[in-house]
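This is what each chain is made of:
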Amino acid sequence: MSQPAEGAVAPLKRMDGEPVFDAPWQASVMAMADALIARGAVTPKAWSEALGAALKDAEAAGEPDTAETYYKAALRALERVVEAHGGIPAEIVSARRDAWEAAYRATPHGKPVRLSRE
Amino acid sequence: MTSFDSTKVAEIHRQLHAHLPSDSALRVKALESLLVEKGMVTAETLDAWVEAYSEKIGPKRGAHVVAKAWCDADFKARLLDDAASAIRELGYLGNATAHLKAVENTATVHNLVVCTLCSCYPFSLLGVAPNWYKTAAYRSRAVRDPRGVLAEFGVSLADDVAVHVWDSTAELRYLVVPQRPAGTEALSEAELAKLVTRNAMIGTDRDLAAQPGEGA
């Protein structure tokens, strides 16, 4: 039996039984990507290239080789394709993110969180 | 005398905002709400996807395809010739499997699938890819040292077994058809499907058990 290569992360097999999604947002990222592909708004090739580039960036930045890193890269890739192919500029997305944060902060725990519409 | 319990105030503050989602979750909510407003996705589609892929689908469809190939030589021939058409017969064609190639293990060939660029995977057949499939370690090592990766998954190949590594792309994905275990002649297609593991259809498992629940 050969040993895992030098410098390898924890044995891959150990990750075998992990749940594929740790948090609902991770599933939502994949669902949105697939829905955009199904609709023809993004080609499978454009998606895989964006994801590949984001994963390469994560690796270059020394992020740990985990599912969390993978889904964060997938989210960055989705933000890029939504801007490039969905016509939604990054500033709009960022402003919307802040609006959601403000809405959460303004909503007492247990109440449904809604964006305020002005 | 007034008292100001800063610890208490901090605690109240924390409780009030304990439900504040993570930065990633907020960015996802932003994308989701904007894409729904633009009519590019619907909330129902996203909910249905998440429900299906978090729980229902898994590798069952792929296992059905393999078991059918074991039982039906004509289907197997069609599967190896044009996998996308063959799985369409079963209603399993998805966005990601429009181009699919089935590769068959034999006594002298073992197939291993990877996506070196990202994580291309026939998820309409196998569900969401396992976490190890998405790691940089697997994506690089499967090509550089396939036998080492296989050993880590408990698969040791004799020297006369060749390893074929298939690099998936957005345009072409792969399904490994493992060998049917000996002693399963009496089993039905449905019983056979229970023997087929997800990892066997990726190639990180090889010798399937002849009874469900045995082995990996």
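Residues numbered from 1 in each chain as written. Chains lettered and ligands numbered in written order. Predicted model: local features only at pLDDT ≥ 70, side-chain atom pairs only at ≥ 80, totals over all residues. Heavy atoms only, no water.

Trainee: Residues and numbers for the overall build of chain B, please.
Mentor: When its secondary structure is counted, chain B shows 11 helices and 4 strands. Relative to its 216 residues, chain B shows a buried fraction of 50%. In chain B, the share of contacts with a sequence separation of at least 24, taken over all contacts with a separation of at least 6, comes to 67%. Carbon and sulfur atoms make up 53% of the accessible area of chain B, which totals about 9900 Å². (Helix = DSSP H or I, 4+ residues; strand = E, 2+ residues; numbered from the N terminus. Buried < 20%, exposed > 50% of the residue type's maximum accessible area, 1.4 Å probe, protein only. Contact = heavy atoms within 4.5 Å. Areas by Shrake-Rupley, 256 points an atom, 1.4 Å probe, with all protein chains shown as cover.)

Trainee: Give a description of the overall build of chain A that names residues and reports values.
Mentor: Scanning chain A from terminus to terminus reveals 4 helices and 0 strands. Moving toward the C terminus, one meets the helices and strands of chain A in the order α-α-α-α. Sorting the 118 residues of chain A into buried and exposed places 45% on the buried side. Restricting the contact set of chain A to residue pairs at least 6 apart, pairs at least 24 apart contribute 51%.

Trainee: Before we move on, could you go through the packing of helix α3 (residues 67-86) of chain A against helix α2 (residues 23-37) of chain B and cite the residues and values that matter?
Mentor: Here α3 of chain A crosses α2 of chain B at 30°, and the two axes come no closer than 11 Å. In terms of orientation, α3 of chain A and α2 of chain B fall into the roughly parallel class. Considering the relative orientation of α3 of chain A and α2 of chain B, their crossing is left-handed. Along the contact surface, α3 of chain A presents K72, L75, R76, L78, E79 and V82 of chain A, while α2 of chain B presents S24, R27, V28, L31 and L35 of chain B. Classifying every residue of the contact of α3 of chain A with α2 of chain B by side-chain character gives 6 nonpolar, 1 polar and 4 charged. (Axes fitted to C-alpha atoms, helices over the stretch in contact; angles between N-to-C directions. Parallel < 35°, antiparallel > 145°, perpendicular 65-115°, else oblique. Left-handed = near helix turned anticlockwise from the far one by under 90°. Nonpolar A, V, L, I, M, F, W, Y, C, P; charged D, E, K, R; others polar.)

Trainee: Any chance you could break down the packing of aromatic side chains for me, citing the residues and the numbers?
Mentor: With the rule as written, the count across this model stands at 13 aromatic pairs over all chains. Summarising the aromatic geometry, the rings of F21 of chain A and W49 of chain B are spaced 6.5 Å apart at their centres and angled 55° between planes, so their arrangement reads as tilted. One end of the pair, F21 of chain A, is in the segment before α1 (24-38); the other, W49 of chain B, is in helix α3 (residues 43-56), on a second chain. Through pairs of rings, three or more aromatic residues link up here, namely F21, Y70 and Y71 of chain A together with W49, Y53 and F123 of chain B. Sitting over the ring of F75 of chain B, K68 of chain B keeps its end group 5.3 Å from the ring centre. (Phe/Tyr/Trp six-rings, centres within 6.5 Å; stacked < 30°, edge-to-face > 60°. Lys NZ or Arg CZ within 6 Å of the ring centre and 35° of its normal.)

Trainee: How would you summarise the pairing of strand β2 (residues 109-114) of chain B if you had to cite specific residues and measurements?
Mentor: All names here are of chain B. Of all 6 residues that make up β2, 6 are buried, and the element is covered over most of its length. Residues V109, N111 and V113 of β2 are buried on one face, and the alternating residues H110, L112 and V114, pointing to the opposite face, are buried as well. Judged from the 6 bridges that link them, β2 and strand β3 (residues 162-167) form a sheet pairing that is parallel. Counted as the bridge partner of H110 is V163 from β3. (Pairing = 2+ DSSP bridges.)

Trainee: Residues and numbers for the side chain of T135 of chain B, please.
Mentor: Checked against the element boundaries, T135 of chain B lands in the loop between α7 (123-126) and α8 (136-144). Within polar-contact distance, the side chain of T135 of chain B engages the backbone oxygen of W132 of chain B at 2.8 Å. (Polar contact = N/O pair within 3.5 Å; in protein donor to acceptor, adjacent residues only side chain to side chain.)

Trainee: Please set out the interface of chain B and chain A residue by residue, giving values where relevant.
Mentor: Contact with chain B, which involves 61 residues of that partner, is made by 62 residues of chain A. Both sides together, the interface formed by chain B and chain A hides about 5600 Å², and carbon and sulfur atoms give 67% of it. It is H19, L31 and N131 of chain B in chain B that bury the most area against chain A; as a group they hold 12% of the surface buried on that side. Across the contact surface, chain B and chain A share 4 salt bridges. One can count 21 residue pairs in polar contact (both at pLDDT 80 or more) joining chain B with chain A. (Buried area = accessible area lost by both parts, 1.4 Å probe. Salt bridge = Lys/Arg side-chain N within 4 Å of Asp/Glu carboxyl O.)

Trainee: Which residues make up the packing of helix α4 (residues 90-106) of chain A against α2 of chain B, and what values go with them?
Mentor: Closest axis-to-axis distance for the α4 of chain A/α2 of chain B pair is 8 Å, and the angle between their directions is 115°. In terms of orientation, α4 of chain A and α2 of chain B fall into the roughly perpendicular class. Crossing angle aside, the handedness with which α4 of chain A passes α2 of chain B is right-handed. Within the contact between the two elements, α4 of chain A uses I92, V93, R96, R97, W100, E101 and Y104 of chain A and α2 of chain B uses D23, L26, R27, K29, A30, L31, S33, L34 and E37 of chain B.

Trainee: Hey, could you go over the side chain of S48 of chain A for me, with residue numbers and the actual values?
Mentor: Turning to its location among the elements, S48 of chain A is positioned in helix α2 (residues 44-60). Apart from residues lying up to four places away in sequence, S48 of chain A is in contact with L117, C118, C120 and A170 of chain B.

Trainee: Outline the environment of L208 of chain B, listing residues and values.
Mentor: Residues and elements named next belong to chain B. Relative to the assigned elements, L208 resides in the segment after α11 (198-202). Considered as a pair, L208 and Q179 are 29 residues apart in the sequence and their alpha carbons are 7.7 Å apart. Every residue in contact with L208, bar those within four places of it in the chain, is listed here: W70, P178, Q179, P181, L195, V196, T197 and A200.

Trainee: I'd like a description of α3 of chain A, backed by residues and values.
Mentor: Each α-helix turn comprises 3.6 residues. Residues three or four places apart therefore point the same way. Those residues of α3 of chain A not exposed but buried are A67, T69, Y70, Y71, A73, A74, L75, A77, L78, V81, V82 and G86 of chain A. Contacts from the buried residues of α3 of chain A go to α1 and α2 of chain A together with α2 of chain B. Phi turns positive one or two residues past the end of α3 of chain A, at G87 of chain A, with a value near 65°.

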